[in-house]
Amino acid sequence: MNRLQELHDAGVSIWLDTLSRELLDSGEFEALIRDQAVTGATSNPTIFAKAITGSDSYDEQLRAAVDTGIRDPQELFFELALDDVGRAADLLRPTYDASGGRDGFLSFECTPDLADDTEGTIEQALELWRRLARPNVLIKVPATEAGIPAIEGLTAGGVNVNITLLFSLARYERVVDAYITGLERRVAAGEPVGELASVASFFVSRVDAKADALLPEGSDLRGRVAVANAHSAYARYRERFADDRWRALSALGARPQRPLWASTGTKDPTYSDVLYIEGLIAPDVINTMPEPTLLAFADHGNVGSGLSIDPAVAEETLRRADEVGIDLDAITAQLERDGVSAFCDSYHQLLACVEAKVAQVRTAAAQTQT
């Protein structure tokens, strides 16, 4: 029994929450597509920092880039990372084609130092989109205050967007509005909307990590607030992409902005390692899994009867959480700030890593010449 295929058949697109040169060169990524129903992948600065730091797979390409005169650490990072993203997207292209452009995507993130810079985000996202030049790539933009108008502008400009660092229902409403408004701007400009794709990445386990710390030991709400928050988001997805405003766009071929569950690795070791997979099964969703979580579900995950999302239960859970003092608005606002900060830290570590690698490459080249 292939549990991941069962999950896929229940309507969940399975995306891998990692990417590296080693994963590509070893053939493991291709095997996951072939054997484990993987239909997409995501990346971020933390992922690439680990990949570049922990491997010498990038050294030869880095040396070649330096030899051509590239010195800026960010541009060197783009040279390395965009190569991986392009290769992975090409491996996923048959999935994209077979699904009619609904699935088979690879995501790459704008640098987090632009999280509070709307125009800078738009400019960099357009450049990344141009350089990758593939229809099955998504450019990741954070759901910050500055990110919301960037999402609208990029959608209007015909760029596929993955909205990341999304935690709250209120912010999700604005993300949906930005996407729909961007599509409407395209229609008004006489531009097509049928091939544009977008996903809204709702982060899960981090919400429980914050909420659980505020709940008493033994509370039956522990490990349930994050799932209820995501269930409520799914209910809003079903409503927003079925109303009159959306039907007008759908008639022109527009695709809904699919919900994506991110941060689905279980952080509390006392919880099931597949908690955020089994509890978030529904048609049209995407679940991005760290490889250990993916393999855990392949080993012992249970799809059950399929749909596991119950908006009524979610509403009651969130009401009870509010009654005992869980301020979800405050928690999600803090998580957004923490997420941007953590990604910025990873990004700066990444640039330092690239600079250190350049120094190593130059030292090795000098030693070879002598």
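Refer to the structure above for everything that follows.
Reading guide: rules and limits
- Residues numbered from 1 in each chain as written.
- Predicted model: local features only at pLDDT ≥ 70, side-chain atom pairs only at ≥ 80, totals over all residues.
- Heavy atoms only, no water.
- Core = buried A, V, L, I, M, F, W, Y, C linked by side-chain atoms within 4.5 Å.
- Buried < 20%, exposed > 50% of the residue type's maximum accessible area, 1.4 Å probe, protein only.
- Helix = DSSP H or I, 4+ residues; strand = E, 2+ residues; numbered from the N terminus.
- Contact = heavy atoms within 4.5 Å.
- Pairing = 2+ DSSP bridges.
- Axes fitted to C-alpha atoms, helices over the stretch in contact; angles between N-to-C directions.
- Salt bridge = Lys/Arg side-chain N within 4 Å of Asp/Glu carboxyl O.
- Expected span 1.5 Å × (residues − 1).
- Arc of directions from axis to C-beta.
- Right-handed = clockwise from strand over helix to strand, strands pointing away.
- Patch = residues over 30% accessible without salt bridge, like charges linked within 9 Å, V, L, I, M, F, W, Y side chains within 5 Å.
- Areas by Shrake-Rupley, 256 points an atom, 1.4 Å probe, with all protein chains shown as cover.
- Lys, Arg positive; Asp, Glu negative; His and termini not counted.
- Charge placed at Lys NZ, Arg CZ, Asp CG, Glu CD.
- Phe/Tyr/Trp six-rings, centres within 6.5 Å; stacked < 30°, edge-to-face > 60°.
- Parallel < 35°, antiparallel > 145°, perpendicular 65-115°, else oblique.
- Left-handed = near helix turned anticlockwise from the far one by under 90°.
- Nonpolar A, V, L, I, M, F, W, Y, C, P; charged D, E, K, R; others polar.

Engineer: Kindly report on the nonpolar core, identifying the contributing residues and their values.
Structural biologist: One finds Leu 7, Phe 29, Phe 77, Phe 108 and Trp 261 to be the most contacted residues of the largest nonpolar core, which totals 125 residues. The element best represented in this core is helix H16 (residues 328-369), accounting for 13 residues. If we skip the residues at most four places from it in the chain, Trp 261 touches Phe 202, Val 204, Ala 230, Tyr 234, Leu 280, Val 285, Ile 286, Asn 287, Thr 288 and Ile 309.

Engineer: Residue-level account of the sheet that holds strand E8 (residues 286-289), with values.
Structural biologist: Strand order in the closed barrel made by the 8 strands is E1-E2-E3-E4-E5-E6-E7-E8, with parallel pairing throughout. Between one strand and the next, the sheet's axes are offset by a mean angle of 30°, whatever the strand orientation. Relative to strand E7 (residues 258-262), strand E6 (residues 198-203) runs parallel, the two sharing 5 bridges. Residue pairing in the sheet places Phe 202 in a bridge with Trp 261 of E7. Across the face of the sheet, helix H6 (residues 73-98) comes into contact with strand E2 (38-41), strand E3 (105-109) and strand E4 (137-142) while running at roughly 160° to E3.

Engineer: How would you explain the pattern of salt bridges if you had to name every residue and give the values?
Structural biologist: A complete count under the given rule lists 31 salt bridges for this structure. Salt-bridge contacts for Glu 145 lead to Arg 171; the nearest nitrogen and oxygen are separated by 3.3 Å. Remark: Arg 171 occurs in helix H9 (residues 169-188) and Glu 145 occurs in the loop between E4 and helix H8 (147-156); sequence separation between them is 26 residues. The partner of Arg 240 in a salt bridge is Asp 243, and the shortest N-O contact between them spans 4.0 Å. For Arg 240, a relative accessible area of 10% corresponds to the buried category. Exposure remark for Asp 243: the relative accessible area of 26% places this residue in the partly exposed category. Linked by salt bridges that have partners in common, Glu 173, Asp 177, Glu 184, Arg 236, Glu 239, Arg 240, Asp 243 and Arg 245 make up one network.

Engineer: Hey, could you go over helix H15 (residues 311-323) for me, with residue numbers and the actual values?
Structural biologist: Helical geometry: 3.6 residues make up each α-helical turn, so side chains three or four residues apart lie on a common side. Spanning 13 residues, H15 covers 18 Å between terminal C-alpha atoms, matching the ideal 18 Å at 1.5 Å per step. Burial in H15 covers these residues: Ala 314, Thr 317, Leu 318 and Ala 321. All buried residues of H15 fall inside an arc of 95° around its axis, so they share one side. Within H15, the exposed residues directed more than 90 degrees away from the buried face are Ala 312, Glu 315 and Glu 323.

Engineer: I'd like a description of the environment of Gly 304, backed by residues and values.
Structural biologist: Among the structural elements, Gly 304 can be located in the loop between helix H14 (291-300) and H15. With relative accessibility at 57%, the residue Gly 304 sits in the exposed group.

Engineer: Explain the pairing of strand E5 (residues 161-166) to me, using residue names and the numbers behind them.
Structural biologist: Of all the 6 residues making up E5, 6 are buried; the element is thus mostly covered by neighbouring parts of the structure. Bridge analysis of E4 against E5 gives 4 bridges, and the strand direction is parallel. Within E5, the position partnered with Lys 140 by the bridge is Asn 162. Regarding the hand of the β-α-β motif, the stretch spanning E4, H8 and E5 is right-handed. Following the chain from E5 across H9 to the adjacent parallel E6, one finds a crossover that is right-handed.

Engineer: Give me the lowdown on a negative patch on the surface, citing residues and values where you can.
Structural biologist: A grouping of Asp 113, Asp 116, Asp 117, Glu 119 and Glu 123 is seen on the molecular surface, where their side chains present a negatively charged patch. By the element assignment, Asp 113 lies in the loop between E3 and helix H7 (118-132). Exposure remark for Asp 113: the relative accessible area of 42% places this residue in the partly exposed category.

Engineer: A description of the packing of aromatic side chains should follow, citing residues and the corresponding values.
Structural biologist: Inspection of every chain in the model, using the stated rule, returns 13 aromatic pairs. Ring centres of Tyr 234 and Tyr 237 lie 5.7 Å apart, and the angle between their planes is 35°; this geometry places the pair in the tilted category. Here Tyr 234 pairs with Tyr 237, and both are found in helix H11 (residues 225-240), just 3 residues apart, close to one helical turn. With a relative accessible area of 4%, Tyr 234 lands in the buried category. Look at Phe 241 and Trp 246: their rings are 4.8 Å apart centre to centre, the planes differ by 80°, and that puts the pair in the edge-to-face class. Since its relative accessible area comes to 11%, Phe 241 is described here as buried. Site record: aromatic cluster; members linked through ring pairs are Tyr 179, Tyr 234, Tyr 237, Phe 241 and Trp 246.

Engineer: Please provide a residue-by-residue account of the packing of helix H3 (residues 28-35) against H6, values included.
Structural biologist: For the pair H3 and H6, the least separation of the axes is 10 Å and the interaxial angle reads 15°. In terms of orientation, H3 lies roughly parallel with respect to H6. Taken as a pair, H3 and H6 cross one another with a handedness that is right-handed. Contacts between H3 and H6 involve Phe 29, Glu 30 and Ile 33 from the former and Ala 88, Leu 91, Leu 92 and Thr 95 from the latter. Along the lines of polarity and charge, the residues of the contact of H3 with H6 split into 5 nonpolar, 1 polar and 1 charged.

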